[in-house]
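Here is how the chains run, residue by residue.
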Amino acid sequence: MRIAVLATGGTIASRLAPDGTLAVTDSVAELLGNVPDLADVEICGFDLSRRPSFTLTLDDMLGTVRAVRAKLAGGFAGVVVTHGTDTLEEAAYLTGQLTSRDARVVLTGAQRGADEPDSDAARNLLDAIRVVSAPEPVGAAIVLGGVACAAVEGRKVHTSAVSAFSGGPAGALALVDPDGVLRLSAPVRGGHYAGRPVPDRLPRVDLVKLVAGADGTHLRASLRAGAAGVVVEAFGAGNAPPSVAEAVREADKQGVPVVITSRTGAGRVRPIYSGGGADLAQAGALFAGDLTGSQARVALALALALDGPDAVPQALSNLVEGRRP
Ligand SMILES: NC(=O)C[C@H](N)C(=O)O
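Residues numbered from 1 in each chain as written. Predicted model: local features only at pLDDT ≥ 70, side-chain atom pairs only at ≥ 80, totals over all residues. Heavy atoms only, no water.

Student: Please explain the sheet that holds strand S12 (residues 180–183) as it appears in this structure.
Tutor: Hydrogen bonds along the backbone pair up the strands of a sheet, which may run parallel or antiparallel. Strand order across the open sheet formed by 8 strands is S4-S1-S5-S6-S7-S8-S11-S12, with mixed pairing between neighbours. Because the sheet does not close on itself, it has two edges, and the strands there are strand S4 (42–47) and S12. Neighbour-to-neighbour, the strand axes of this sheet turn through a mean angle of 25 degrees, independent of strand direction. Note that strand S6 (residues 105–108) and strand S7 (residues 141–144) share 3 bridges and pair parallel. Note that in S7 the partner of Leu107 across the bridge is Ile142. Contacts from helix H3 (residues 88–98) reach S6 and S7 within the one sheet, and its direction differs from that of S6 by about 175 degrees. (Pairing = 2+ DSSP bridges. Helix = DSSP H or I, 4+ residues; strand = E, 2+ residues; numbered from the N terminus. Axes fitted to C-alpha atoms, helices over the stretch in contact; angles between N-to-C directions. Contact = heavy atoms within 4.5 Å.)

Written out as structure tokens, the structure reads:
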């Protein structure tokens, strides 16, 4: 089986500089230098960039998705992307929606630089290759710390631990260790835009997190900055005070969709509270099920780019429910 490894940078390709900071240094050849030969797996490496992921935009990530698709179309059975973990969840959500749900595509990274004595860099890359080349495809996934979770479910949940990614309520797709891959479940969502061209660029979509006492200031600032959509990480089951609902009404009048998620990070948002979520819905806000704020932001950008503003409510509901067109 031929596997392409696409390197974009991140800690997995970083080393300690003399001043104690981490900087991206390694090429894909150096990353692959630590990977032992695996029976029946031929690996080809490609350098896409050498950047920490906190500098990447969604448009940069679209470039990675184009490269993934090109390798799959060009005869590779699977693709591994090495990536910084800080924004891996955005890259994975984009990749997972723009490639088939059961594609052999795995994103990985590391939490400790390649030259730290207890680095997880080499192990994670090897695990990613094990998962992407497993006899039974696991589906588009994030692999770190011995766990595979669906690309469209994963979120970074720890700043420094090697088990930094969780599939959230959807859980794990598989466990991976030197004995191989133990499949646990199949992805239920993802692949929604697998049959569509990768957009040239994505519109600006902002994410506004609410704190106690918050008002509509930040939502209005996003409107002034030209956002084509805004996601709000609201309280609890999707609540916000009346001053935010007022700003939602203004956005609605301007034709800018506002999407409600929860800052809790798990569970569904529902417009059930009078003076809270019910008023947001009445003001025109859409509710994004159980998507996290950063997942909903990428989902909304994709929906605006590929379905158009009028179709956003239906597209968002399909993305939340995992319905494919
Ligand atoms: N662990 C990591 O990869 C974090 C790094 N700052 C990055 O996202 O590029």
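Read on for the rest.
Student: Would you take a moment to explain the domain arrangement of the protein for this structure?
Tutor: Interfaces are frequently sized by the accessible area removed from exposure as the parts join. Domains assigned within the protein are domain 1 (2–183) and domain 2 (205–321). Its C-alpha centre places domain 1 at a distance of 30 Å from the equivalent point of domain 2. Across the boundary between the two partners, domain 1 contributes 12 residues, which contact 13 residues of domain 2. Of the roughly 1000 Å² buried at the junction of domain 1 and domain 2 (both faces included), carbon and sulfur atoms supply 62%. Among the residues domain 1 hides against domain 2, the three largest losses belong to Leu58, Tyr93 and Arg155. Together they make up 49% of the total. Along the contact surface separating domain 1 from domain 2 lie 0 salt bridges. Counting the contacts that link domain 1 with domain 2 gives 4 residue pairs in polar contact (both at pLDDT 80 or more). In terms of residues, the side of domain 1 that touches domain 2 owes the most to one element, H3, which gives 6 residues. (Domains from an automatic or database assignment. Buried area = accessible area lost by both parts, 1.4 Å probe. Salt bridge = Lys/Arg side-chain N within 4 Å of Asp/Glu carboxyl O. Polar contact = N/O pair within 3.5 Å; in protein donor to acceptor, adjacent residues only side chain to side chain.)

Student: Is there a simple way to think about the site of the ligand in this case?
Tutor: What surrounds the ligand is the set Gly10, Thr11, Pro52, Ser53, Phe54, Gly84, Thr85, Asp86, Ala110 and Gln111. In this structure, Thr11 approaches the ligand through a side-chain N or O atom, which is 3.0 Å from an oxygen atom. At 2.7 Å, a backbone N or O of Ala110 approaches a nitrogen atom of the ligand. The protein chains hide 89% of the 270 Å² of surface that the ligand would expose on its own. (Near = heavy atom within 4 Å. Areas by Shrake-Rupley, 256 points an atom, 1.4 Å probe, with all protein chains shown as cover.)

Student: In this structure, what is going on with the layout of surface pockets? I would like to understand it.
Tutor: The probe, sized like a water molecule, is rolled over the atoms to show the empty space still left. Reported here for the largest pocket is a volume of approximately 260 Å³. What lines the largest pocket is a set of 17 residues, and nearest its centre among them are Gly10, Thr11, Pro52, Phe54 and Asp86. Among the elements that take part in the lining of the largest pocket, strand S3 (residues 22–24) stands out by supplying 3 residues, more than any other. Its residues assigned to classes, the lining of the largest pocket comprises 6 nonpolar, 9 polar and 2 charged. The volume enclosed by the second largest pocket comes to roughly 180 Å³. Lining of the second largest pocket is provided by 13 residues; of these, Asp252, Gly255, Pro257, Leu286 and Pro309 occupy positions nearest its centre. Elements represented by at least two residues in the lining of the second largest pocket include exactly helix H6 (242–253) and helix H9 (312–321). Taken together, the residues of the lining of the second largest pocket break down into 9 nonpolar, 2 polar and 2 charged. (1 Å grid on protein atoms, 1.4 Å probe; cavity = no way out; pocket = protein on both sides within 12 Å on 5 of 7 lines; lining within 4 Å. Points joined across faces, edges and corners; volume = space filled by probe spheres on them. Nonpolar A, V, L, I, M, F, W, Y, C, P; charged D, E, K, R; others polar.)

Student: What is the right way to look at the nonpolar core in this model?
Tutor: One recurring pattern in soluble globular proteins: nonpolar side chains tend to sit buried together. Core analysis: the biggest nonpolar cluster contains 53 residues, and Leu94, Leu98, Tyr193, Val259 and Leu302 have the highest contact counts within it. Those elements that provide at least two residues to this core are strand S1 (2–7), helix H2 (58–73), strand S5 (78–82), H3, S6, S7, helix H8 (293–306) and H9. By residue number, the principal contributor to this core is H8, which donates 9 residues. For this core, the two domains that each supply at least three residues are domain 1 (2–183) and domain 2 (205–321). (Core = buried A, V, L, I, M, F, W, Y, C linked by side-chain atoms within 4.5 Å. Buried < 20%, exposed > 50% of the residue type's maximum accessible area, 1.4 Å probe, protein only.)

Student: Got a minute to help me understand the environment of Gln254 in this structure?
Tutor: Along the chain, Gln254 falls in the loop between H6 and strand S15 (258–262). Overall, the relative accessible area of 52% leaves Gln254 in the exposed class. Once the C-alpha coordinates of Gln254 and Ile142 are considered, the two residues, 112 residues apart in sequence, prove to be 37 Å apart.

Student: I tried to follow the sheet that holds S15 on my own but got confused; where do I start?
Tutor: Read across the sheet, 4 strands follow the order S13-S14-S15-S16 without closing on themselves; strand pairing throughout is parallel. Looking at which strands have only one partner, the edges of the open sheet turn out to be strand S13 (205–209) and strand S16 (286–287). Summarising the sheet, strand S14 (residues 229–234) and S15 pair through 5 bridges and their orientation is parallel. Note that in S15 the partner of Glu233 across the bridge is Thr261. Contacts from helix H5 (residues 217–224) reach S13, S14 and S15 within the one sheet, and its direction differs from that of S13 by about 170 degrees. Its contacts with the sheet place H8 against S13, S14 and S15, and it is angled at close to 160 degrees to S14.

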